[in-house]
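Coordinate analysis (summary)
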Amino acid sequence: MIFNSNIEISPGNPEKEILYGKDLIARTAYYLGPKGKIAALANGMNCQNCHNNAGTKPYGLSLTAVAATYPQFMARTSSVLSIAGRINGCFQRSLNGKALDTTSKEMKAMVVYIKWLGQDVVKWQKPAGSGIIKLAYMDHEADTLKGRAVFMLKCLVCHGANGGGVLAANKTVYIYPPLWGRHSYNDGAGLYRISSFAGFVKNNMPYGTTYKKPQLTDEEAWNVAAFVNSQPRPHFDQHNDWKDIKKKPIDFPFGPYADGFSESQHKYGPFKPIADAQKN
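Quantities reported herein were computed from a predicted structural model and do not represent experimental measurements.

**Some thoughts on the layout of surface pockets**
Within this model, the largest pocket holds a volume of roughly 1,300 Å³. Considering the residues around the largest pocket, the lining is formed by 46 residues, among which His51, Leu61, Tyr70, Met74 and Arg86 are closest to the centre. Listed by contribution, the elements that provide at least two residues to the lining of the largest pocket are helix H4 (66-69), strand E1 (72-74), helix H5 (83-92) and helix H6 (105-117). Top element by residues in the lining of the largest pocket is H5. It accounts for five residues. Residue composition of the lining of the largest pocket, by class: 26 nonpolar, 13 polar and seven charged. In this structure, the second largest pocket occupies an estimated 1,000 Å³ of space. Forming the boundary of the second largest pocket are 41 residues, of which Gln48, Asn49, Asn52, Ile175 and Tyr207 lie nearest the centre. Looking at the lining of the second largest pocket, the elements with two or more residues in it are helix H1 (14-26), helix H3 (52-55), helix H7 (144-159), strand E4 (174-176) and helix H8 (194-204). Counted by class, the lining of the second largest pocket contains 26 nonpolar, ten polar and five charged residues.

**As for the confidence of the model for the chain**
Per-residue confidence for the chain gives a mean pLDDT of 94; residues scoring 70 or more make up 95%. Between residues 1-10, whose pLDDT stays under 50, and residues either more than four places distant or in other chains, the model counts 22 contacts.

**Structural notes on empty space enclosed by the protein**
Inspection of the entire model under this criterion finds one cavity of 30 Å³ or more. Roughly 30 Å³ of volume is contained in the largest cavity. Tyr137, Met138, His140, Ala142, Trp222, Tyr268, Pro270 and Phe271 are the residues that line the largest cavity. Classifying every residue of the lining of the largest cavity gives seven nonpolar, one polar and no charged.

**Regarding the pattern of salt bridges**
The tally for this structure, following the rule as stated, stands at six salt bridges. In this structure, Asp23 engages Arg27 in a salt bridge whose closest nitrogen and oxygen atoms are separated by 3.0 Å. According to the relative accessible area criterion, Asp23 is buried, its value standing at 1%. For Asp241, the salt bridge goes to Arg93, with nearest N and O atoms at 3.0 Å. Of this pair, Asp241 sits in the loop between helix H9 (218-228) and helix H10 (263-268) while Arg93 sits in the loop between H5 and H6, and the two are 148 residues apart along the sequence. A relative accessible area of 10% means that Asp241 is categorised as buried.

**Some points on the side chain of Arg93**
What makes Arg93 buried here is its relative accessible area of 7%. In contact with Arg93, not counting residues within four places along its chain, are Arg76, Thr77, Tyr185, Asn186, Gly188, Ala189, Phe236, Gln238 and Asp241.

**A word on the packing of aromatic side chains**
One pass over the full model with this rule turns up 13 aromatic pairs. Considering the side-chain rings of Tyr113 and Trp116, the 6.1 Å spacing of their centres and the 25° angle between planes classify their relative orientation as stacked. A residue pair is termed a helical-turn pair when its members lie 3 or 4 positions apart in one helix, as Tyr113 and Trp116 do in helix H6 at three residues. Within the aromatic cluster, the residues linked to one another by ring pairs are Tyr192, Trp242, Phe252 and Phe254. Taking the ring centre of Tyr30 as reference, the NZ or CZ of Arg27 above it sits at 4.4 Å. A cation over a ring is seen here: Arg233 above Tyr185, with NZ or CZ 4.1 Å from the ring centre.

Reading the values: rules and limits
- Residues numbered from 1 in each chain as written.
- Predicted model: local features only at pLDDT ≥ 70, side-chain atom pairs only at ≥ 80, totals over all residues.
- Heavy atoms only, no water.
- 1 Å grid on protein atoms, 1.4 Å probe; cavity = no way out; pocket = protein on both sides within 12 Å on 5 of 7 lines; lining within 4 Å.
- Points joined across faces, edges and corners; volume = space filled by probe spheres on them.
- Helix = DSSP H or I, 4+ residues; strand = E, 2+ residues; numbered from the N terminus.
- Nonpolar A, V, L, I, M, F, W, Y, C, P; charged D, E, K, R; others polar.
- pLDDT = per-residue confidence, 0-100.
- Contact = heavy atoms within 4.5 Å.
- Salt bridge = Lys/Arg side-chain N within 4 Å of Asp/Glu carboxyl O.
- Buried < 20%, exposed > 50% of the residue type's maximum accessible area, 1.4 Å probe, protein only.
- Phe/Tyr/Trp six-rings, centres within 6.5 Å; stacked < 30°, edge-to-face > 60°.
- Lys NZ or Arg CZ within 6 Å of the ring centre and 35° of its normal.

In structure tokens:
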């Protein structure tokens, strides 16, 4: 479907606001990228590079549960986040950009679209297909060299040998997003945790994959996640994150930790010993 990029929003036309919100998620860079029509706030990627099909693809970081689960307390920031606050977290981390004015027409349209997606979801429930499917932990650490081989075989054709992605002819938006380098997500993004990246690629990549028809094994997904997240990318100042270090996810890649495991093991595994230690 092609969306009108000149949609005018008014209280009497909610359908247009929903469509505009969807288009902002599908074509974020067109509006808010480095050469954005509205502002230059983000890195050239689109929200749907992670939230596939404008947040509707099952287990492609679907947004269907967001309206039912926000506002919510987020341990990472030690604060209660609204939907708009969560969107801005993505702008600052996954899009390596700046926060969007929460009173802006664009933010309001994205929030309206996300609420529309989740209009039939019971409060605090997560419907099937929302988010991603996390993979079982391996009994050994993820291998970046084996991950590079997976990348060269399965990912290079779209994302390029240097992981830089492919820009459209107009040079304003990525057809295939960069996986590392200065235009990719920064190290504060959720996908920088390899359990999240592995779960995402297993059920969505290479292009055309679905959770019903994966093309990678679990081990290939873990390894390619380790390889991609071992590559250089922008840094995000996280000194205010995880004030309670006991609540850090097992694969959060930066110390300090409440346990004695190394930063490398927290990033690449094996994760089961850490999980077992936390249980005890």
